[in-house]
Structure formats: C-alpha cells, structure tokens
Amino acid sequence: MALKRVMVLTGGGDCPGLNAVIRGIVKRASQEKDWEVIGCIESFNGVLREPTEIVELNEKAVEGLQIQGGTILGTTNKGGPFAWPVRQQDGTWTTVDRSDEMIRKLQYLGVDAVINIGGDGSQRISLGLAQKGLNIVGVPKTIDNDLSSTDYTFGFQTAVQICTEAIDKLVTTAASHNRVFIMEVMGRDAGWIALHSAIAGGADICIIPEIPYDINKIKEKIEQRYNKRHGYCIIVVAEGAKPKGGTTVGTESSEVGYQHIRLGGIGHQLAAELKAAGVEHDIRCTILGHLQRGGTPVAFDRILASQFGVRAMEEVIRGNYGQMVAYRHPDIVAVPLEEAVRAQNLVDPNGSLVHTAKGLGIEFGQDTPVSK
Ligand code: F6P
C-alpha cells in the first residue's frame, strides 16, 4: 500500500506546547498503516527554500517531546508563501506571492495533507492555501489566547504561570522597599495574560488594552495602598495597553518580512506618567518579555497540545480539511478556518473575569464604572 504523507509545520512566535502537538500528531499517525509524517523547517520556509528543508518525523524523533519548550521544527513570524520577501535592485525589499509555486512543490514532494500549527496570522495563511485547494488543517497556538473560536490556545497557561510567579517575586522586593512595581507582560491587543496573572498573583492594578486607562485613577489606587510612606503596590500592564485617548507604545521593526509593530515600552511610559501626576513613591518597571514564551509547558498546555495534535491527525485521516481544531470545553472540535480567523478573542470589560478582579479590589484605571 502506498503511504500517504502529512507535512507538519510550526509558524509565528514559538510557545510552550508546540512540540507536544507534533508528538501527538506523530503518535496518532503511527497507529495508521497508511500515513507517514514529515516536518517542514521554519514554517513554510523549508518548502519555499532551495534546497528543501524537510525532516522525517517518526515515534523515535518525538519521544519525550511533551516536556520540551520551543519547537524542534523551528519557526518564523516573517514572510510566508503569500508575502515572500525579495530584495530589489535598489536594495529595498518587496514581497511576492509564491503560494501557487509552493502548492506545486508540495505535490512534487508527494505531500497529501498539511497541518499548520500557528496563531491568527498562520491560520490566515492556512485559509488562503485551503481556498487554493490545499488539504490543510490548522492547530491554534499562542501565549496571547486571542483566537476567538477556541476557549484556550496552548501556551497561554504556561505564560500566565510564569507571570504569576514573577509577581510573587516582585511582591517581596516591593514590600521591602515600599515601592511601586510595574510589570509589563505580552499579549498584543489582548489583556488575557495580564488579567489572569493579576488575579492569580494578587496584583493591585491591572491595565489592559480593552480598558484604556485614566492615570488619576491609577494614582488614587496607589495612594490607597500606602500609609504615609509605608506600603507597596503591584501593577500589571499588558504591552498593548494605552491611556484614554492615547495610543499603544511600540516600534516599527526593521527586520525583513516582519509585518507587525513591535509592542513594548508602556511600562516605562506609565512610570513616567505616574511621576508626572505626582506619585512620590519609588517606581520600578520589569518587562518580562520572551521569558513568558520560554521553558517547559505546564501540564494543562501539554494536555491541550496533545489533544490538538491527536485531533488534527484524525481530521487528516478523515479527509476533513479546511478546518482548525479548537477547544470548546469539554470537547475538542473542528471549526472551519473562515470562522476560526474571523474575530479576535479580547477581554470583555463587562465580563465575568473583570467582575471577579474588581470584586478583589483590582483597579483597572477605568474612568467610568462598568455595569454589574
Ligand atoms: O504573539 C505572541 C507574542 O509573544 C506577543 O505577545 C508579542 O507581542 C510578540 O509575540 C513578540 O514577537 P517577537 O517574538 O517577534 O518579538
């Protein structure tokens, strides 16, 4: 019997659990007699480059991978088949669409199906390729948890755990020095990492993109945390947060093929705004950055990633393409890619988790109270 080939790849920023998905796919495929798995290096680059960079993935190659952070296949959040960077004669860069050429190459390589593990950008690529007739299944990943068709993406809980432990550590130094500590976390336009870790870590103030802040509200809360000069205050701020009427803090990237604004710096801006507003206590700012994406996945993410891997392979076996696997508690389901990329999953300022946080006394810097 001729073997069918499924090609697996990881795209976008890495996150803990990617290897557990790869392992789930390979282990489930190995239970079938007619499927073999190959991995494409650095998202679709392994196919788009000459010579081709693909590797065989068998049970031996994925042994014990559920505990390993990062991705054994490598990844990139630049370029891709629809926007491949090409240097022009004058030295500037432009992009070309290489999707048709890539699909032809996949046929030549005997690839019957593709599993694309990635965030919203990667799943938009999956959708584009599905619309061109490629047999493709998506698996949602991101620490940001900003995909709307799944209850959770894997990687998110690990990031929250890392941030929570960081708050636990900041509390002792903040209390010893009577300081205000600002901790800036990732999440792009979504405040999920900030909100979850602020609750778990017992922060006093949580600033998220979904609730533009009023600096005076934040100042008021800080002063409540002090008795004259004694006290401390922990502020968690999401990288995509902005003041009321203001904009996010970030920089254009000069990296070739990088299409996002690199968010970051709101923590220091907030410190400066608080000083300008008259806060006299010491203020320090910690930016957790890529620490949030490193290391081994927590158990929840290992389990979710394994579920996604097994289910994605089962969609391939069934021939149910153009889908993204998703978690809808307590089930793993498949949703059409069109639906999967339609909307972002953002924090609802009137939702239950913000309500809980307010019940715990966490200040959001909001100038108008939300309905209960
Ligand atoms: O989307 C995941 C994420 O970690 C965001 O939270 C963050 O803004 C971005 O990626 C950082 O990207 P890079 O790794 O390119 O700096």
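Conventions adopted
Residues numbered from 1 in each chain as written. Predicted model: local features only at pLDDT ≥ 70, side-chain atom pairs only at ≥ 80, totals over all residues. Heavy atoms only, no water. Core = buried A, V, L, I, M, F, W, Y, C linked by side-chain atoms within 4.5 Å. Buried < 20%, exposed > 50% of the residue type's maximum accessible area, 1.4 Å probe, protein only. Helix = DSSP H or I, 4+ residues; strand = E, 2+ residues; numbered from the N terminus. Contact = heavy atoms within 4.5 Å. Salt bridge = Lys/Arg side-chain N within 4 Å of Asp/Glu carboxyl O. Pairing = 2+ DSSP bridges. Right-handed = clockwise from strand over helix to strand, strands pointing away. 1 Å grid on protein atoms, 1.4 Å probe; cavity = no way out; pocket = protein on both sides within 12 Å on 5 of 7 lines; lining within 4 Å. Points joined across faces, edges and corners; volume = space filled by probe spheres on them. Nonpolar A, V, L, I, M, F, W, Y, C, P; charged D, E, K, R; others polar. Domains from an automatic or database assignment. Axes fitted to C-alpha atoms, helices over the stretch in contact; angles between N-to-C directions. Near = heavy atom within 4 Å. Polar contact = N/O pair within 3.5 Å; in protein donor to acceptor, adjacent residues only side chain to side chain. Areas by Shrake-Rupley, 256 points an atom, 1.4 Å probe, with all protein chains shown as cover. Buried area = accessible area lost by both parts, 1.4 Å probe.

## What to know about the nonpolar core
Working step 1: Of all hydrophobic cores here, the largest spans 63 residues; its most connected members are Ile115, Ile117, Val139, Phe154 and Phe364.
Working step 2: Considering each element in turn, this core owes the most residues, eight residues, to helix α5 (residues 156-177).
Working step 3: With sequence-adjacent residues up to four places away left out, Val139 is seen in contact with Val21, Ile115, Asn116, Ile117, Gly118, Gln123, Phe154, Phe308, Ala312, Met324 and Val325.
Working step 4: The next biggest cluster of nonpolar side chains, apart from the first, holds 26 residues, and it includes Ile38, Leu48, Met324 and Ala340.

## Points about the pattern of salt bridges
Pairs can form between side chains of opposite charge once their charged atoms are near each other.
Working step 1: The full count for this structure, using the stated rule, is 18 salt bridges.
Working step 2: Across the salt bridge formed by Arg49 and Glu53, the nearest N and O atoms sit 2.9 Å from each other.
Working step 3: Taking relative accessible area as the criterion, Arg49 reaches 28% and is therefore assigned partly exposed.
Working step 4: For Glu53, a relative accessible area of 31% corresponds to the partly exposed category.

## Quick word on the pairing of strand β1 (residues 4-10)
Working step 1: Burial of β1 is extensive: five of the seven residues sit out of reach of the surface.
Working step 2: Summarising the sheet, β1 and strand β2 (residues 35-40) pair through five bridges and their orientation is parallel. Note on β2: the bridge partner recorded for Met7 is Ile38.
Working step 3: Note that the unit made of β1, helix α1 (residues 18-29) and β2 has a crossover that is right-handed.

## Considering the layout of surface pockets
Working step 1: Taken as a whole, the largest pocket spans an internal volume of roughly 1100 Å³.
Working step 2: Of all the secondary-structure elements, those providing two or more residues to the lining of the largest pocket are α4 (120-131), β8 (180-185) and β14 (261-263).
Working step 3: Examining the composition of the lining of the largest pocket, we find that five residues originate from one element, α4, more than from any other.
Working step 4: Each residue belonging to the lining of the largest pocket can be placed in one class, and the counts come to 11 nonpolar, 24 polar and 14 charged.
Working step 5: In terms of domain composition, the lining of the largest pocket takes at least three residues from each of domain 1 (4-154 + 297-340) and domain 2 (160-294 + 348-359).

## Re the sheet that holds β1
Working step 1: Spatial ordering of the open sheet is given by β3-β2-β1-β6-β7-β16-β17, a layout of seven strands whose pairing is mixed. The sheet is open, and its two borders are formed by β3 (54-57) and β17 (331-336), each paired with just one other strand. Within the sheet, the average angular offset between the axes of one strand and its neighbour, ignoring direction, is 30°.
Working step 2: As defined by bridge partners, β2 adjoins β3 across four bridges and the pair is classed as antiparallel. Bridge pairing in β3 links Gly39 to Val55.

## Examining the site of the ligand
Working step 1: Around the ligand, a shell composed of Asn77, Ile143, Asp144, Met186, Gly187, Arg188, Glu239, Tyr258, Arg262, His290 and Arg293 is seen.
Working step 2: Between an oxygen atom of the ligand and a side-chain N or O atom of Arg293, the distance comes to 2.8 Å.
Working step 3: Burial of the ligand by the protein chains amounts to 84% of its free accessible area of 400 Å².
Working step 4: Split by residue class, the shell around the ligand holds three nonpolar, three polar and five charged.
Working step 5: There are two domains that each give the shell around the ligand at least three residues, and those are domain 1 (4-154 + 297-340) and domain 2 (160-294 + 348-359).

## Concerning the domain arrangement of the protein chain
Working step 1: Its domain assignment divides the protein chain into domain 1 (4-154 + 297-340) and domain 2 (160-294 + 348-359).
Working step 2: Each of domain 1 and domain 2 has a C-alpha centre, and these two points are 33 Å apart.
Working step 3: Listed per partner, the contact involves 16 residues of domain 1 and 16 residues of domain 2.
Working step 4: Carbon and sulfur atoms make up 60% of the surface buried where domain 1 meets domain 2, a total of about 1300 Å² over both sides.
Working step 5: The largest contributions to the domain 1 side of the interface with domain 2 come from Lys78, Ile143 and Asp144, which together make up 39% of the buried area.

## Description of the sheet that holds β8
Working step 1: Pairing is parallel in the open sheet, where four strands are placed in the order β9-β12-β8-β15. Across the chains shown, the open sheet's two edge strands, defined by having one partner strand only, are β9 (205-207) and β15 (283-287). This sheet shows a mean twist of 20° between the axes of neighbouring strands, independent of strand direction.
Working step 2: Taken together, the five bridges between β8 and β15 define a ladder with parallel strand orientation. Residue pairing for β15: Val180 is matched across the bridge by Ile283.

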